[in-house]
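# Reading the structure
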Amino acid sequence: MTESGTASTTPRRVVLIGFMGAGKSTVGRLVARGTGWRHVDFDEELQRRTGRTVPAIFAEGGEAAFRRMERALAAEWLAESGVVLSPGGGWVVQPGSADQLGRDPLVVWLRVSPEEAVRRVLAEGGDRPLLAGTDPVARARELLRERAPIYEQVSHLVIDVNRRSPDHVAREILRRVRPRPVDGPVPERDG
Ligand code: S3P
């Protein structure tokens, strides 16, 4: 985390990072609803634009092709304000991605354990090429060991999501991007 624990100015965009299954898409939608900002889920957006699923992109062009598309999408959306971005869990750990973040977004790491991540991914029936194989938990542990230091380094706020509902997580983020007015409306008096 940066030393202040918050983004440098009142953030006009939020970037949710963290491992697969952390809830970046669901929480992103809720934060967007709470702010009135646009939500962009990178995997969904890539699938919409290419007409192919993420596993198909991996199968046809390899991970490198997927990362190139992801990077182009990040460049496009990180230039916008009033957005909540949910990139895939591998984007921010690619070389150069942290530089794409710039200075002003609030970067939130939704921290999930490898066991919980795999439980959620399997429960939702999601297809994650990087967790394919006989021991997805071992693979998740290995990937998280590599990625956690980077998630930690680039984030302004860390939320442990293992036992928190998406609503709870979203509310915690909204407190940072939608400061409460100091003077609320004066309540009307009776009589
Ligand atoms: C990936 C995460 C996935 C998706 C792709 C690769 C990763 O997105 O982008 O399967 O490298 O962690 P989610 O984090 O939304 O599951």
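Everything here concerns the structure above.
Being a predicted model, the structure only gives us computed values, none of them experimental.

### Regarding the packing of helix H1 (residues 24-35) against helix H7 (residues 166-177)
Two numbers describe how H1 lies on H7: the axes approach to 9 Å, and their chain directions differ by 45 degrees. By the angle class used here, H1 and H7 are oblique. Handedness of the H1/H7 crossing: right-handed. Contact residues: Thr26, Val27, Leu30, Val31, Gly34 and Thr35 in H1; Pro166, Asp167, Val169, Ala170, Ile173, Leu174 and Val177 in H7. In terms of residue class, the contact of H1 with H7 is built from nine nonpolar, three polar and one charged.

### Observations regarding the packing of aromatic side chains
Inspection of every chain in the model, using the stated rule, returns three aromatic pairs. Taking the centre distance of 4.9 Å and the plane angle of 40 degrees together, the rings of Phe58 and Phe66 count as tilted. Above the plane of the ring of Trp109 lies Arg111, whose end atom (NZ or CZ) is 5.1 Å from the centre.

Conventions adopted
Residues numbered from 1 in each chain as written. Predicted model: local features only at pLDDT ≥ 70, side-chain atom pairs only at ≥ 80, totals over all residues. Heavy atoms only, no water. Axes fitted to C-alpha atoms, helices over the stretch in contact; angles between N-to-C directions. Helix = DSSP H or I, 4+ residues; strand = E, 2+ residues; numbered from the N terminus. Parallel < 35°, antiparallel > 145°, perpendicular 65-115°, else oblique. Left-handed = near helix turned anticlockwise from the far one by under 90°. Contact = heavy atoms within 4.5 Å. Nonpolar A, V, L, I, M, F, W, Y, C, P; charged D, E, K, R; others polar. Phe/Tyr/Trp six-rings, centres within 6.5 Å; stacked < 30°, edge-to-face > 60°. Lys NZ or Arg CZ within 6 Å of the ring centre and 35° of its normal.

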